Amino acid sequence: MTNRASPNPETAVDVIEVDLPIAGMTCASCVNRIERFLSRTPGVQGAVVNLATETATIRYLPTVAGRTELVGAIEAAGYDLKPRPAADLAMGPDGPAIDLALAADDADRVRDQRGLAIQAGVSLAVAGAIMLVMFWPQTVVPLETLNRLVLVPATLVQVWAGGRFYRAAWRALRHGTANMDSLVAAGTTAAWAYSAVVALFPEVVMQAGLRPETYFDSSTIIIGLILLGRWLEGRAKGRTAGAIRRLVGLSARTARVVRAGVEVDVDLAEVFPGDLVRVRPGDKVPVDGVMVEGGSAIDESMITGESMPVDRVVGDEVIGATLNTTGTFLFRATRVGSDTALARIVEMVRRAQGSKAPIQRLVDRISEVFVPVVLVLAALAFVVWLTVGPEPRLTLALTAFVTVVVIACPCAMGLATPTAIMVGTGRGAETGILIRGGQALESAGRIDTVVFDKTGTLTLGRPVVTAMTPVADVAETELLDLAASLERGSEHPLGAAILAAGRERELGFRVVVEFRALAGHGVEGLVGASPDATEATRLVLVGNARLMAERGIDLGPLGEAIGRAATDGQTAVIVAVDGRALGLIGVADPVRPAAAEAIATLADAGIEVWLLTGDSSPVAGAVGRLVGIPPDRLRAEVLPGDKAATIAALQADGHRVAMVGDGINDAPALAQADLGIAIGSGADVAIEASDVTIVGGDPRQVATAIALSRRTMRVIRQNLFWAFAYNIVLIPVAMGALYPSFGVTLSPALAAGAMALSSVSVVTNSLRLRSFEAARGRGRLNRPVAAAR
């Protein structure tokens, strides 16, 4: 059981969220019944039950309800909790706890799968033996003797292998409901009971003018095929849950921690925030932190989906579970255990896989009445065949009854949506896209408009030197060296960008004295005449045009360059020495390399792209030109509330809008949008307000997320179509609709096989989503079926 807390603004009391593993669910009607009973429990704020994961996710007020009440509601619905105590370890702070919980799940699954395989194999073997025996020449052994001979093994299969159906059906009956197991129990019992009467009292049947034929082969093969189907279904469902195991498997097991000046290897559970951790070439980064010494290229593909290693230097964040490639470095741990990026991803995927898409609600409502309707139809078929059917009436009536109840088991309907969501969200996590659940997945597929924030979304989110324009007799190196030397004493982001550019070229080390920061203008100080000068002899100013005007410095030919910089969205930083302007340095927040490609991919798919930013109009216009967003879809100098209002206006015009942002100021817009997409490198509040998180910050992943959603929804629609079509077509055939015209009826054995294959086909179709590839180039996102305007 996993516990999570979230604030409830209405009651000012924390709402607890728990995951409870449930035993005995077999179809969509089970899901709907458990949800209904839980929702009626006082204190329960919401409950979602997932057939594929066999888990109930419940949000409740601990001051009103507790575990006893929740378990009581589940038992009142006719179901039990799985004995899975190790799952409680998943709520612990340490990574290995997740491993133990998954190990417990695996042990339970393996044990149940082994039992299914044995029972299915024995049942099918007995069914085959019965068929062989019944083909024995009756001139050698009378039919009555053969019937008594197969009665014992058929009865053993009915009680032993069919016992799970009886237990579940009895539990449902005690609570006034019916489910898939009720159908199987009713159908196989009817076939076995009639056959037992024929075997024990053949004279009664013969006196009624009937041949003493039995259906032991049908009852045993139905049980065997259904159990075989569940075994195959269980194997497929186990593969759908593989994403979480693969994610957990990425984590390191130990860390090399520096304590008292000595490096020691410790278990991951013994790493604490603030610890210094050494990472050598080829090691996995054990936890999240900030690099404090050294540098390296780090392979972050397992978290971000980006195939190329990323250079990390002092001051950069490193993510746990990523792989160090070449260098060695020291970092300070900031997040450990359940707070690491990997642990949060695992938790988000776990919750997403247990969620529902809105389309599932229709299935739940239908399945609630489906089983009772099927039982009525089966009874009607029995009565019609018995009263107006041809001879042998009783045999045909019994066959129709058994076939209808067996073929109508609604497994496929119950698995159609959750299996696709499990695979889709899991595949998204593996490519660096975290989708909160079925609601977000369905919403993403309907998006026709994407609104981007600028800073940190389409741009890198940090200023860098993008251009240098020295006067005629000054070299770029001289200009940058002077500015970087002076900016060593500055804390301004523009100064940090200039200093970083200088250090890349191994510049900025001249002697500086009498440094002074000029608020809103720039910096000044005495700087050495050359890199090797021991005394500072030149007065250097680094700042904006206003500072130069105040000091009476003529900008001369730099005026035109300043205008070009403003048009290109750059901030012009002017460098003057001893009253003479030497040149300007253009600083800007550069556009991400893949931004233009991301915009083009969305536009090719018929999706409108907008840009909202609090930055100035020239900067917004420059970014728009670089990435390909037309001027009429640019909005600059907007406040956070204005962003949300702009999205609301687009929604009022009939658009389905996705907002992509990364900062605190984007949170209102992310919440307002039909789909909020947060860049994972941004603020936590933005991520919390979003429906989808792009872990690596690559804007192309926005198109990938929409493509994945559309493909997942297409698979869900395919699953539901075939699940409903299967029942709509075959139930009338099972009732005998083709018999008057074609003399065709459906045997119970074929019905059992078709029912089992329908469930397996739905899960297998969902597993095709595992082949989904991230869209790294244009053309991978197709237009939706209902194209955007």
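Reference entry: report on the structure contained in this document. (Residues numbered from 1 in each chain as written. Predicted model: local features only at pLDDT ≥ 70, side-chain atom pairs only at ≥ 80, totals over all residues. Heavy atoms only, no water.)

### Notes on the overall build of the chain
As a reminder, the rule being used: Each helix is a run of H or I in the DSSP string that is no shorter than four residues. Each strand is a run of E no shorter than two, and both are numbered from the N terminus. Buried residues are those whose accessible area, probed at 1.4 Å on protein chains only, stays under 20% of the maximum for their type, while exposed residues exceed 50% and partly exposed ones sit between those limits. In what follows, a contact means two residues having at least one pair of non-hydrogen atoms within 4.5 Å. Only the protein chains shown count as cover for residues, and all accessible areas are computed by the Shrake-Rupley method using a 1.4 Å probe.
Within the chain one finds 28 helices and 27 strands. Within the chain, the fraction of its 789 residues that count as buried is 53%. Of all intrachain contacts in the chain linking residues separated by at least 6 positions in sequence, the fraction that spans at least 24 positions is 70%. As displayed, the chain offers around 32,900 Å² of accessible surface, 60% of which is attributable to carbon and sulfur atoms.

### What to know about the sheet that holds strand β12 (residues 317–318)
Either a parallel or an antiparallel arrangement is found when strands of a sheet pair, and the pairing is made through backbone hydrogen bonds. Note the cut-off: For two strands to be treated as a pair, DSSP must find at least two bridges joining them.
Across the sheet, 6 strands lie side by side as β7-β6-β8-β14-β9-β12; this open sheet has antiparallel pairing. Of all the strands in the sheet, the pair left with one neighbour each is β7 (262–267) and β12. By the bridge criterion, 6 bridges tie strand β6 (residues 254–259) to β7 in an arrangement that is antiparallel. Residue pairing for β7: Thr 254 is matched across the bridge by Asp 267.

### Regarding a nonpolar patch on the surface
Our working definition: Exposure above 30% relative accessible area and the absence of a salt bridge qualify a residue for a patch, where like charges join within 9 Å and nonpolar side chains (Val, Leu, Ile, Met, Phe, Trp, Tyr) within 5 Å. A carboxyl oxygen of Asp or Glu within 4 Å of a side-chain nitrogen of Lys or Arg is what we treat as a salt bridge.
On the surface, Val 197, Leu 200, Phe 201 and Val 204 cluster together into a nonpolar patch covering about 350 Å² of accessible area. Take Val 197: it is sitting in helix α6 (residues 180–200). You can call Val 197 partly exposed: its relative accessible area is 41%.

### Things to note about the sheet that holds strand β24 (residues 634–635)
What counts here: What counts as an axis is a line fitted to C-alpha atoms, over the stretch in contact for a helix, and the angles between N-to-C directions run from 0 to 180 degrees.
Pairing within the open sheet is mixed, and its 7 strands lie in the order β15-β27-β26-β25-β16-β23-β24. What marks the edges here is a single partner per strand, and that holds for β15 (433–435) and β24. Here 5 bridges tie strand β16 (residues 449–453) to strand β23 (residues 608–612), and the two strands are oriented parallel to one another. Each bridged residue has a counterpart across the sheet, and for Thr 449 the counterpart in β23 is Glu 608. Helix α26 (residues 700–735) rests against β15, β16, β25 (657–661), β26 (675–679) and β27 (692–694) of the sheet, and its axis sits at about 45° to β15.

### Some words on the nonpolar core
Side chains of nonpolar character tend, in soluble globular proteins, to be buried together. The test is simple: Within this scheme, the nonpolar core is defined by two criteria: the residues are buried Ala, Val, Leu, Ile, Met, Phe, Trp, Tyr or Cys, and they are joined through side-chain atoms within 4.5 Å.
Of all hydrophobic cores here, the largest spans 118 residues; its most connected members are Met 25, Ile 34, Ile 58, Val 450, Phe 452 and Leu 602. Per-element accounting of this core gives the leading share, 15 residues, to α26. In this structure, Met 25 is in contact with Cys 30, Val 31, Ile 34, Val 49, Asn 50, Leu 51, Glu 54, Thr 55 and Tyr 79, ignoring residues within four places of it in sequence. Leu 507, Val 527, Leu 547 and Met 548 belong to the second largest nonpolar core, which has 38 residues in total.

### Let's talk about helix α20 (residues 558–567)
Helical geometry note: an α-helix holds 3.6 residues per turn, so side chains three or four residues apart project in the same direction. As a reminder, the rule being used: Summarising the geometry, the arc corresponds to the directions from the helix axis toward the C-beta atoms.
Every buried residue of α20 is listed here: Leu 558, Ala 561, Ile 562 and Ala 565. Within α20, the buried residues cover an arc of 105° as seen down the axis, which keeps them to one side. Contact partners of the buried residues in α20: β17 (464–470), β21 (571–577) and β22 (580–588). Of the residues flanking the end of α20, it is Gly 569, one or two places downstream, whose phi is positive at about 80°.

### Notes on unusual backbone geometry
Although it is not a glycine, Ala 321 adopts a positive phi angle of roughly 85°. With respect to the helices and strands, the residue Ala 321 is situated in the loop between β12 and β13 (323–324). Look at Asp 578: it is not a glycine, yet its phi comes out positive at around 50°. As for its position among the elements, Asp 578 is in the loop between β21 and β22.

### Regarding the packing of helix α4 (residues 143–160) against α6
Our working rule: If an angle is under 35 degrees, it is roughly parallel; if it is over 145, roughly antiparallel; if it lies from 65 to 115, roughly perpendicular; otherwise it is oblique. Crossing handedness is read from the near helix: turned anticlockwise from the far helix by less than a right angle, it gives a left-handed crossing, and turned clockwise, a right-handed one. When residues are sorted by character, Ala, Val, Leu, Ile, Met, Phe, Trp, Tyr, Cys and Pro go into the nonpolar class, Asp, Glu, Lys and Arg into the charged class, and all the rest, Gly among them, into the polar class.
Closest axis-to-axis distance for the α4/α6 pair is 10 Å, and the angle between their directions is 150°. The angle between α4 and α6 places the two elements in the roughly antiparallel class. Between α4 and α6 the crossing geometry is left-handed. In this structure, α4 contributes Asn 147, Arg 148, Leu 151, Ala 154, Thr 155 and Gln 158 to the contact, and α6 contributes Thr 188, Thr 189, Trp 192, Ala 196, Val 198, Ala 199 and Leu 200. Considered class by class, the residues forming the contact of α4 with α6 number 7 nonpolar, 5 polar and 1 charged.

### Here we look at the packing of aromatic side chains
For clarity, the threshold we go by: In this scheme Phe, Tyr and Trp rings, the latter by its six-membered ring, pair at centre separations within 6.5 Å, and the angle between planes marks the pair as stacked below 30 degrees, edge-to-face above 60, and tilted otherwise.
Here the structure, examined in full by the defined rule, presents 4 aromatic pairs. Aromatic pair Phe 329 and Phe 331: ring centres 6.2 Å apart, planes at 45°, arrangement tilted. No difference in accessibility class separates Phe 329 from Phe 331, as the two residues are buried. A centroid spacing of 5.0 Å and a plane angle of 80° characterise the contact between Phe 721 and Trp 722, whose relative ring orientation is edge-to-face.

Worth remembering: the numbers are spatial, not functional.
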